[in-house]
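# Structural features, examined
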Amino acid sequence: MGNHEVTRLLVNYKTLEEFKNFREFGAAELSMKDDLEANIIENDSESPFYGIYFGKKLVARMSLYKIEAKFDRYFEPPQDYLELWKLEVLEPYRKKGYGKALVDFAKSFNLPIKTNARQGSGGFWNYMGFEPVTYQPARDRGESPYVWYPAGVQEQQENTSPVNVESNEEL
């Protein structure tokens, strides 16, 4: 099935040009471009993006951010975890194992992983061993978080301090 080697993407104009092929192109990439132009980041510095090339073409990518334990509202025991965003495989390259290779790479850090399932992608995340978390309106705000638990990690229970739920109703 070819080489599914995951590489950390460099911030440079070539990479940013490639990013335009992805549907999830947005603020993160545009700010990288601005930073490049303003010389805040050097060309070829490492980005939070990882990808897989087919020949010279970037065909799949994701971004990974490490979130510190003190901000962990998903996992028990609370710990550093990874947020996986913008997982995307270009149309002609789908169903060839690229998405799985990226997710397996993320799992290799052996930290819990949280992602937001885009509409219709729940099946993929289930297949990858992720589970939906119990929806907590205050925390999840319309996202649909899916998480992957390494051994010994479980879902953090909502801390049930009394909250006035009615306050969200329209008057």
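### Some thoughts on the nonpolar core
One finds Met62, Leu84, Trp125 and Phe130 to be the most contacted residues of the largest nonpolar core, which totals 35 residues. Broken down by secondary-structure element, the contributors of at least two residues to this core are β1 (6-11), α1 (13-19), α2 (27-37), β2 (45-54), β3 (57-67), β5 (81-89), α3 (98-107) and β8 (145-148). With residues near it in sequence (within four places) discarded, Met62 still touches Pro48, Phe49, Tyr50, Leu84, Trp85, Lys86, Leu87, Leu102, Phe105 and Ala106. Listed in part, the eight residues of the second largest apolar core include Tyr74, Tyr81, Val133 and Val147.

### Structural notes on the confidence of the model for the protein chain
In the predicted model, the protein chain carries a mean pLDDT of 91, and 91% of its residues have values of at least 70. Averaged pLDDT values over the elements of the protein chain bottom out at 92 in helix α5 (residues 137-140) and peak at 98 in α3.

### Observations concerning the pairing of β3
Judged by how many residues are buried, β3 sits mostly within the fold: eight of eleven residues are covered. In the sheet, β2 pairs with β3 via six bridges, with the strands oriented antiparallel. Of the residues in β3, the one forming a bridge with Phe54 is Lys57. Hairpin remark: β2 followed by β3, antiparallel, with two residues in the connecting loop; positive phi at Gly55, about 65°. The pairing of β3 with β5 spans seven bridges and is antiparallel.

Reading the values: rules and limits
Residues numbered from 1 in each chain as written. Predicted model: local features only at pLDDT ≥ 70, side-chain atom pairs only at ≥ 80, totals over all residues. Heavy atoms only, no water. Core = buried A, V, L, I, M, F, W, Y, C linked by side-chain atoms within 4.5 Å. Buried < 20%, exposed > 50% of the residue type's maximum accessible area, 1.4 Å probe, protein only. Helix = DSSP H or I, 4+ residues; strand = E, 2+ residues; numbered from the N terminus. Contact = heavy atoms within 4.5 Å. pLDDT = per-residue confidence, 0-100. Pairing = 2+ DSSP bridges.

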